[in-house]
Structure formats: structure tokens, C-alpha cells
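# Structural characterization, general
Here's the letter readout for the chains.
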Amino acid sequence: MSRAPQVPIPFELIYDDGMIDQRHSYAVSARIRVDDKIVFRNTSAHLVLTRDNPDRVELMMDMMPATSAATGAGTLFGITWVAEDIGGGGVIDKARSTITFAAGGAVNGSGGCNNFSGTAKVDGDRIEIGPLAATQKACISALADQEQKFFTALANARSGTKPGRL
């Protein structure tokens, strides 16, 4: 009989200081998998290497619901996903581009400036997002550019099996 680990579980990530670009922001995320199914994951962004938090972070992880073969629930639905990178270009600090999937096929979120809603079809490891409708607020140009890249990435999404990549 195996015993569940005692929490908190200390961890250490080793990185090369020379790879850190001070113009960028960095965040960590964590997942615990059992038989390739995510059973725990953090559901909020955790910035690291900042003035307020130079080299320490505490991650709170949430237990994911049991996976249902019929709906794919447990790895995608009911979680607000936050884009930490869009197409390799990073994201603007504090501009949260998010999406939340409901088991009935609805999606909603924020591009960082405008809110959106629409539909998503999830079939096993395949996903199709759209059409989407968004508010039309005026945004600063950098945020509008990030938002457009986010909406383009959502429109091009085809797989729900690789969390964290748009």
C-alpha cells in the first residue's frame, strides 16, 4: 500500500541565470499526472524572478475531477486557462488572456481587453473553437495586438491534449 505524500512538497527548479532576459516575465506551472492523466494542477499564474518574489514561489494545486470518457471532463472543463505565452511571443504582464470551457460546449473568457463567448466542440483529443463573439472596447495598441494573436490562436486550436500551449 502506498502512502500519499505529505504536503507541502518542496521542489527546486534549476535554471541557467544567463538565459533570463530582464525584459521578459516568467511564470511556473505544475501538474501531477497518474497514468498520463492530470490529477492535480495549479489553476492560476505564478510569476517568478520578480522584485517581489525573486526566487521563491508557493504553488497551490487543485485536484482535477475524474475524467469522463464521454465528455473529456477533468483535463479541460471548468478550469479558467490563462495564456502564459502566445505563439512564442510571451504576454503582457497583468493582461490576462483567458478561456473557460463548459461541458455543454460553451466557452467564454477575456482576450486581455475584450470579453468573449462562443462555442467549442471537444471530441476526444480534438477541439474546435468558434465562432466567438467579443465586446469591442478600445484597447491600447500593444494589448490589441496580443488580443488578436490570442483570438487567432484559439481559432487555430485543434488539440486539447497539450495543456499550456496556444
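The sections below set out a description of the structure shown in this document.

Cut-offs and rules
Residues numbered from 1 in each chain as written. Predicted model: local features only at pLDDT ≥ 70, side-chain atom pairs only at ≥ 80, totals over all residues. Heavy atoms only, no water. Salt bridge = Lys/Arg side-chain N within 4 Å of Asp/Glu carboxyl O. Helix = DSSP H or I, 4+ residues; strand = E, 2+ residues; numbered from the N terminus. Buried < 20%, exposed > 50% of the residue type's maximum accessible area, 1.4 Å probe, protein only. Pairing = 2+ DSSP bridges.

## Regarding the pattern of salt bridges
For the coordinates displayed, the defined rule picks out 1 salt bridge. Across the pair Lys149 and Asp145 runs a salt bridge, and its minimum N-O distance is 3.3 Å. Of this pair, Lys149 and Asp145 are both found in helix H1 (residues 141-156), 4 residues apart, which corresponds to roughly one turn of the helix. Judged by its relative accessible area of 45%, Lys149 falls in the partly exposed class.

## Looking at the sheet that holds strand S3 (residues 37-41)
Strand order in the open sheet formed by 3 strands is S2-S3-S5, and the pairing between neighbours is antiparallel. Across the chains shown, the open sheet's two edge strands, defined by having one partner strand only, are strand S2 (31-34) and strand S5 (62-63). Here S3 pairs with S5 via 2 bridges, running antiparallel. Looking across to S5, one finds that Phe40 is bridged to Met63.

## Things to note about the pairing of strand S9 (residues 115-123)
Bridge count for strand S8 (residues 106-110) against S9 is 5 bridges, and the pairing is antiparallel. Across the sheet, the residue bridging to Asn108 is Ser117, located in S9. Counted along the chain from S8 to the antiparallel partner S9, the turn is 4 residues long, and its residue Gly112 has a positive phi close to 120 degrees. Pairing between S9 and strand S10 (residues 126-134): 7 bridges, direction antiparallel. For Ser117, the partnering residue across the bridge sits in S10 and is Ala133.

Honestly, it's all geometry; don't read function into it.
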